[in-house]
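Summary of structural features
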Amino acid sequence: MKHAKKILTVILASALTLSLASCGSSAGESESAGADTSADESAETASSADEITITFFVNKDDILEQIQDAMAAYEEEYGVKIVADCPSTAVTSYLSTRYATGNPYTIAMVNPSDVHGIGAEYGLDLSNQDWASETEYALYEDDKLIGFPFCIEGRGIIYNADAIEETTGEIFDPSDINYLEDFITLLDELVSDGMEYPTVVQKADWSLGYHFFQHVYEERDDTDEFIQDLYNGDVNLEDDEKFNSLIDTFDILMDYNYFIESPIKASDTEVLQAIAGGETAFKFGGTWEWADYITYDEYTENMGLIPIPQDVEDDYTGKLVGGVTQYIIVDGSEYTTDEQREAALDFLNWLVYSDEGQSFVTETCSLVSPFQNNTLVSSNPLANDVKVYADAGNLIPTFDYAPDDHQNIVGGIMQDYLAGNISREELAREVEEYWVSATPLVYW
């Protein structure tokens with residue numbers, strides 16, 4: 001695998017500020033931690049001699065309600081109570097504390113980096129499960145399958161086809177946008193036809209530092225080697241072709257930005273509403289945004305996702321970045337009974353093989369299933385585009401092992417660049433300085 005790691009250690013104190021869609025606000029705004037004992041209390045009061053109760057740590061608050069509703073139906077059908085909750089907390093340190101007190105979750109939905117920490121130590125080996133042959137995305141550690149892939153998510157340039165077509169009067173074909181020149185030509189056409197600002201830029205540090213800038217690492221032949229060179233101070237980003245190619249595109253997104261006068265003051269809600277309602281046509285983002293778009297009074301279903309158009313022609317032209325963002329681990333410790341483990345395995349099989357489980361992932365949660373036997377169409381058009389790229393082998397693997405503070409620090413540097421406070425040269429130098437001083441999450 002491109003990003004195969006020999007994991008030597010995971011720094012538990014680092015917690016996890018790098019979650020793609022962790023248990024905070026789905027729009028990237030942190031919420032205060034809720035009562036994280038709800039699963040314990042519910043499990044205690046619901047347990048009976050005739051009913052098995054298992055607990056479920058959920059790492060995606062944007063689908064927690066859907067999960068809880070589905071679990072209620074699951075209990076009624078199968079007689080197993082699954083108590084799901086989503087504490088707003090750092091994943092690895094929180095789950096480690098649960099183990100330290102002898103009260104772990106039966107199953108836990110976690111980020112890829114957490115699988116190597118918590119999963120490697122406590123996760124049940126799932127290698128003998130039938131569903132392992134239905135996916136190429138299962139996560140292994142030393143030949144032990146410990147990560148059940150829950151969903152695939154992807155990122156690139158989101159477009160509003162209705163807004164484009166209403167402005168230009170022509171049918172929009174996303175396959176026409178392959179290079180930065182193509183993108184600029186269409187932006188200029190939109191401006192001349194009356195859409196003054198056809199792009200919009202989200203300022204959130206997780207969007208700029210954890211999502212957009214990650215492409216600099218991911219779109220190259222050997223990501224691991226490049227990251228190691230960054231740690232060693234052996235990279236000159238100012239002369240790096242991929243860095244410059246991506247920042248060239250980011251410059252264009254800034255130049256046509258709907259909030260160009262105050263890019264740092266625009267809230268996530270204002271940014272998302274601008275493209276959902278058709279005031280603007282393009283933004284960088286990913287599949288997870290659909291959950292926000294459908295909450296607005298005015299939004300279009302004719303949206304989609306295309307690769308970031310760049311000036312270079314390489315192996316990554318025409319490809320999206322994407323992969324499994326959430327894995328489920330099953331507790332293999334002494335604190336979980338064999339009956340509870342069997343119930344947990346039954347639940348995973350339900351997700352993969354039953355009509356209800358497949359529909360839950362793709363239609364209810366609007367996600368892309370990592371399992372080949374699930375051919376259902378998602379209710380999320382952005383997710384459907386990702387599936388097309390995934391099925392065609394055109395997904396660039398995500399890099400999930402940046403240092404714990406990468407999102408905040410590199411995101412902050414990108415915010416300074418967005419605000420016009422620093423030059424490209426300063427952006428490159430500050431990112432280089434960050435990596436040299438960073439504490440690795442894992443070692444190679």
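Residues numbered from 1 in each chain as written. Predicted model: local features only at pLDDT ≥ 70, side-chain atom pairs only at ≥ 80, totals over all residues. Heavy atoms only, no water.

A few words now on the pairing of strand β7 (residues 303-306). Of the two faces of β7, the one holding Met303 and Leu305 and the one holding Gly304 and Ile306 are both buried throughout. Sheet topology places strand β5 (residues 144-160) next to β7; 4 bridges connect them, and they run antiparallel. Counterpart to Tyr159 in the pairing with β7 is Gly304. (Buried < 20%, exposed > 50% of the residue type's maximum accessible area, 1.4 Å probe, protein only. Helix = DSSP H or I, 4+ residues; strand = E, 2+ residues; numbered from the N terminus. Pairing = 2+ DSSP bridges.)

Looking along a regular strand, one sees the side chains alternate between the two faces of the sheet. Because side chains alternate across strand β3 (residues 107-110), one face comprises the buried residues Ile107 and Met109, and the other comprises Ala108 and Val110, equally buried. Inspection of the sheet shows β3 paired to strand β8 (residues 320-330) by 4 bridges, in the antiparallel sense. Its bridge partner being in β8, Ala108 is matched across the sheet by Ile329.

Further remarks concern the packing of aromatic side chains. The description of an aromatic ring pair rests on the distance of the ring centres and on the angle between the ring planes. If you walk through the whole model with that rule in mind, you get 30 aromatic pairs. Summarising the aromatic geometry, the rings of Trp131 and Phe371 are spaced 6.1 Å apart at their centres and angled 90° between planes, so their arrangement reads as edge-to-face. In this pair, Trp131 sits in the loop between α4 (112-122) and β4 (139-141) while Phe371 sits in the loop between α14 (355-364) and α15 (381-391), placing the two residues 240 residues apart along the sequence. We note that Trp131, like Phe371, is buried. (Phe/Tyr/Trp six-rings, centres within 6.5 Å; stacked < 30°, edge-to-face > 60°.)

A separate point is the packing of helix α13 (residues 338-353) against α14. Where α13 contacts α14, the axes come no closer than 5 Å and their chain directions differ by 75°. In terms of orientation, α13 and α14 fall into the roughly perpendicular class. Residues Trp350, Leu351, Val352 and Tyr353 of α13 lie in contact with α14, whose contacting residues are Asp355, Glu356, Gly357, Gln358, Phe360 and Val361. Among the residues forming the contact of α13 with α14, the class breakdown is 6 nonpolar, 2 polar and 2 charged. (Axes fitted to C-alpha atoms, helices over the stretch in contact; angles between N-to-C directions. Parallel < 35°, antiparallel > 145°, perpendicular 65-115°, else oblique. Contact = heavy atoms within 4.5 Å. Nonpolar A, V, L, I, M, F, W, Y, C, P; charged D, E, K, R; others polar.)

Counting through the fold element by element, Thr106 comes out in the loop between α3 (91-100) and β3. Judged by relative accessible area, which is 4%, Thr106 ranks as buried. Polar side-chain contacts of Thr106 include one of 3.0 Å to the backbone nitrogen of Thr55. (Polar contact = N/O pair within 3.5 Å; in protein donor to acceptor, adjacent residues only side chain to side chain.)

What follows is about helix α16 (residues 406-418). With 13 residues, α16 extends 17 Å from end C-alpha to end C-alpha; this agrees with the ideal 18 Å at 1.5 Å per step. Buried within α16 are the following residues: His406, Gln407, Val410, Gly411, Ile413, Met414, Tyr417 and Leu418. Looking straight down α16, one finds its buried side chains confined to an arc of 155°; they lie on one side. Looking at the buried residues of α16, the elements they touch are α7 (205-212), α8 (214-218), α10 (241-255) and α17 (424-437). Backbone geometry just downstream of α16 places Gly420 in the positive-phi region, at approximately 80°. (Expected span 1.5 Å × (residues − 1). Arc of directions from axis to C-beta.)

Before going further, it helps to spend a moment on unusual backbone geometry. Positive phi, normally seen in glycine, also occurs at Asp142, with a value near 55°. Along the chain, the position of Asp142 falls in the loop between β4 and β5. Classification of Asp142 by relative accessible area gives exposed; the value is 71%. Phi is positive for Ser366, which is not a glycine, with a value near 60°. Its location among the elements puts Ser366 in the loop between α14 and α15. Here Ser366 falls in the buried class, since its relative accessible area comes to 15%.

Moving on: the environment of Leu348. In this structure, Leu348 sits in helix α13. Given a relative accessible area of 0%, Leu348 falls into the buried group. Expressed as a C-alpha distance, the spacing of Leu348 and Pro149, which sit 199 residues apart in the sequence, is 9.9 Å. Leaving out residues up to four positions away in the same chain, Leu348 has contacts with Leu126, Trp131, Phe148, Ile328 and Val330.

Once that is clear, we can look at helix α2 (residues 64-78). One full turn of an α-helix is made of 3.6 residues, so residues set three or four places apart face in the same direction. Between its terminal C-alpha atoms α2 stretches 20 Å, which fits the 21 Å expected from 15 residues at 1.5 Å a residue. Within α2, burial applies to Leu64, Ile67, Ala70, Met71 and Tyr74. Taken end-on, α2 shows its buried residues confined to a sector of 120°, consistent with a single buried face. Opposite the buried face of α2, at more than 90 degrees from it, the exposed residues are Glu65, Asp69 and Glu76. Of the surrounding elements, those touching the buried residues of α2 are β1 (52-57), β2 (80-85), β3, α13 and α14. Gly79, located one to two residues past α2, shows a positive phi value of around 75°.

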